[in-house]
Amino acid sequence: MSGAPKRDSYDVVVIGAGPAGLAAAATAAEAGLTTLLLDENAGPGGQVWRAIASTPVTERDRLGADYWAGADLVQAARSSGAEIVQRATVWSLDRHLELGVSVGGASSFVKARRVILATGALERPFPIPGWTLPGVMTAGAAQTMLKSSGLVPDGQTVIAGQGPLLWLLAAQMNYLAALPHAFAFVTSPYFAKGLAMMREVRAKVPVVTGVSELAATGDGRLATVTCVAGGRRETIPAELLLLHQGVVPNVNLAMAAGIEHRWDDLQLCWSPVLDRDGSTSVEGIAIAGDGAGIGGAAAAIVRGRIAARAAVEALAPAAAAKLTPMSTFRASLAQAERGLPSSIRCSVRPGSFAFPRATPSSAAARRSRPRTFSTPSRSVRPVPTSSRPIVAPVWVPARAGSVV
């Protein structure tokens, strides 16, 4: 639904309808607690399952099993008895668990006995020279268009930065170039899946490593991408540059609520201080999903259930006794996190760039073969030119102690 909340107070209010929020809302509501799920998007799913209830791609085999796993959780939340409000903006949360909510331009206040924040992650800002040019955007934004509308670029595209999303997006966009309305989305990039994606990308586009400089250039809009790798400067004609430098927990609302955070020197981001149940320093507020630390969809689901079960234990102990034991959830969380590489379990460190001192030469005008830049290999392999758009991911290795 998209109307205002029906009640003034609830046992549990969940903010965010991604994997963690859906799981938390379903668990709390099925235990008999009055539950409100608030989400700012038009439909449930968060980023990982964006448009799961409205995607124009209907053939399940084209979307992949991991993506469609979200449909089952959406259905579980909808049938649980939880009140779900979409297009809702939560603009206030205080220590008394009172929330300010705006829906359709009208604001109201809602009181909760327990609040579960499931606000997910944000892409880390990735500024380079020329990043404000038309034609430069984030990889996450491109993936949003891919999942919600089945749209892919029809011109030469460069993906720049680092992290598993680059390999995933490169694989998806190369596949979609031939099938404009189909995509295979992998929600949990475990090791084997990561290797498969890398092999798929390398079979279609070249990969270059050791990028130390990166710049977007053009007169009024993007025309070329210039980089330096191994002491050699390359200029690539491009119509679209997608930047990505990993993700970090979305802590905006948590910080506004006065929740204690710590600075992660390894990942260079703020993370909330939590106990095993996801509870924070503010009594009654818990955090689940990637907002608690980057872990992916499978881990987020379990974190949501853990936070919800803890709320049920506090508010309705008799109902909690009928739920899945907490020990089972903890074992499931350990299993979900075991296969995740550290760059997914924690935010990806930003790379270090030196700004180019010289402007691109006339080489920018020539049509060179597209290049892909990536960490795992030092080789450069050309790809035969075709009528299909070529995606060239630029994978920039992280360097210790660097901040962009």
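Residues numbered from 1 in each chain as written. Predicted model: local features only at pLDDT ≥ 70, side-chain atom pairs only at ≥ 80, totals over all residues. Heavy atoms only, no water.

### Digging into the overall build of the protein chain
Okay, so step 1: Looking only at helices and strands, the protein chain has eleven helices and 18 strands in total.
Okay, so step 2: Buried positions account for 55% of the 404 residues belonging to the protein chain.
Okay, so step 3: The contacts of the protein chain with a sequence gap of at least 6 include a subset with a gap of at least 24, amounting to 69%.
Okay, so step 4: Here the protein chain has roughly 17,200 Å² of accessible surface; of this, 54% comes from carbon and sulfur atoms. (Helix = DSSP H or I, 4+ residues; strand = E, 2+ residues; numbered from the N terminus. Buried < 20%, exposed > 50% of the residue type's maximum accessible area, 1.4 Å probe, protein only. Contact = heavy atoms within 4.5 Å. Areas by Shrake-Rupley, 256 points an atom, 1.4 Å probe, with all protein chains shown as cover.)

### So, the packing of helix α8 (residues 297-315) against helix α10 (residues 326-338)
Okay, so step 1: Their axes nearest at 9 Å, the elements α8 and α10 cross at an angle of 160 degrees. In terms of axis orientation, α8 runs roughly antiparallel to α10. α8 and α10 meet at a crossing whose hand is left-handed. Each of A298, A299, V302, R303, R305, I306, R309, A310 and E313 in α8 lies in contact with α10, whose residues at this interface are M326, F329, R330, S332, L333, A336 and E337.
Okay, so step 2: Residue classes in the contact of α8 with α10 are distributed as nine nonpolar, one polar and six charged. (Axes fitted to C-alpha atoms, helices over the stretch in contact; angles between N-to-C directions. Parallel < 35°, antiparallel > 145°, perpendicular 65-115°, else oblique. Left-handed = near helix turned anticlockwise from the far one by under 90°. Nonpolar A, V, L, I, M, F, W, Y, C, P; charged D, E, K, R; others polar.)

### Some points on unusual backbone geometry
Okay, so step 1: The phi angle at R87 is positive, at roughly 55 degrees, despite the residue not being glycine.
Okay, so step 2: With respect to the element layout, R87 can be found in the loop between β3 (83-85) and β4 (88-93).
Okay, so step 3: Phi at L97 takes a positive value of approximately 60 degrees, unusual for a residue other than glycine.
Okay, so step 4: Structurally, the position occupied by L97 is in the loop between β4 and β5 (98-103).
Okay, so step 5: For L97, a relative accessible area of 6% translates into the label buried.

### Some words on the pattern of salt bridges
Okay, so step 1: Following the criterion strictly, the structure yields seven salt bridges and no others.
Okay, so step 2: The residue R303 makes a salt bridge to E337 at a minimum N-O spacing of 2.9 Å. Here R303 is found in helix α8, whereas its partner E337 is found in helix α10, with 34 residues between them in sequence. In this pair, the class of R303 matches that of E337, namely buried. (Salt bridge = Lys/Arg side-chain N within 4 Å of Asp/Glu carboxyl O.)

### Quick notes on the confidence of the model for the protein chain
Close inspection of predicted coordinates is inappropriate in any region flagged by low pLDDT.
Okay, so step 1: Confidence in the prediction of the protein chain, expressed as mean pLDDT, is 77, and 70% of residues score 70 or more.
Okay, so step 2: Predicted confidence for residues 175-191 stays below pLDDT 50, and this span has 54 contacts to residues more than four positions away or in other chains. (pLDDT = per-residue confidence, 0-100.)

### Notes on the sheet that holds strand β12 (residues 232-237)
Okay, so step 1: Reading across from one edge, β10-β11-β12 is the order of the three strands in this open sheet, with antiparallel pairing throughout. Of all strands in the sheet, those bounded by a partner on one side alone are β10 (211-217) and β12. Direction aside, the axes of adjacent strands within the sheet are offset by 15 degrees on average.
Okay, so step 2: As paired elements, β10 and strand β11 (residues 224-229) share six bridges and run antiparallel to each other. What sits directly across from A215, in β11, is T226. (Pairing = 2+ DSSP bridges.)

### A short note on the packing of helix α1 (residues 19-30) against α8
Okay, so step 1: Close contact between α1 and α8 brings their axes to 7 Å; oriented N to C, the two are set at 35 degrees. The way α1 lies across α8 gives a crossing that is right-handed. Across from P19, A20, A23, A24, T27 and A28 in α1, the residues of α8 making contact are A297, A300, I301, G304, R305, A308, R309 and V312.
Okay, so step 2: Tallied by class, residues from the contact of α1 with α8 come to ten nonpolar, two polar and two charged.

### Digging into the pairing of β4
It is a general feature of regular strands that their side chains alternate between the two faces of the sheet.
Okay, so step 1: Bridge count between β4 and β5: five bridges; the pairing is antiparallel. Its bridge partner being in β5, T89 is matched across the sheet by S102.
Okay, so step 2: Hairpin connection, β4 to β5: the antiparallel pair is bridged by four residues, and L97 has positive phi, about 60 degrees.

### Description of the packing of aromatic side chains
Okay, so step 1: Counted according to the given criterion, the structure contains two aromatic pairs.
Okay, so step 2: Plain terms: the ring middles of W91 and F109 are 5.4 Å apart, the flat faces sit at 70 degrees to each other, and that makes the pair edge-to-face. Highlighted residues: W91 in strand β4 and F109 in strand β6 (residues 106-117), separated in sequence by 18 residues.
Okay, so step 3: Owing to a relative accessible area of 46%, F109 belongs among the partly exposed residues under this scheme.
Okay, so step 4: A ring pair is formed by W263 and W270, whose centres lie 5.4 Å apart and whose planes are at 70 degrees; its orientation type is edge-to-face.
Okay, so step 5: By relative accessible area, W263 is classed as partly exposed at 39%.
Okay, so step 6: For R7, the ring lying beneath its charged end belongs to Y10, and the centroid distance is 5.6 Å. (Phe/Tyr/Trp six-rings, centres within 6.5 Å; stacked < 30°, edge-to-face > 60°. Lys NZ or Arg CZ within 6 Å of the ring centre and 35° of its normal.)

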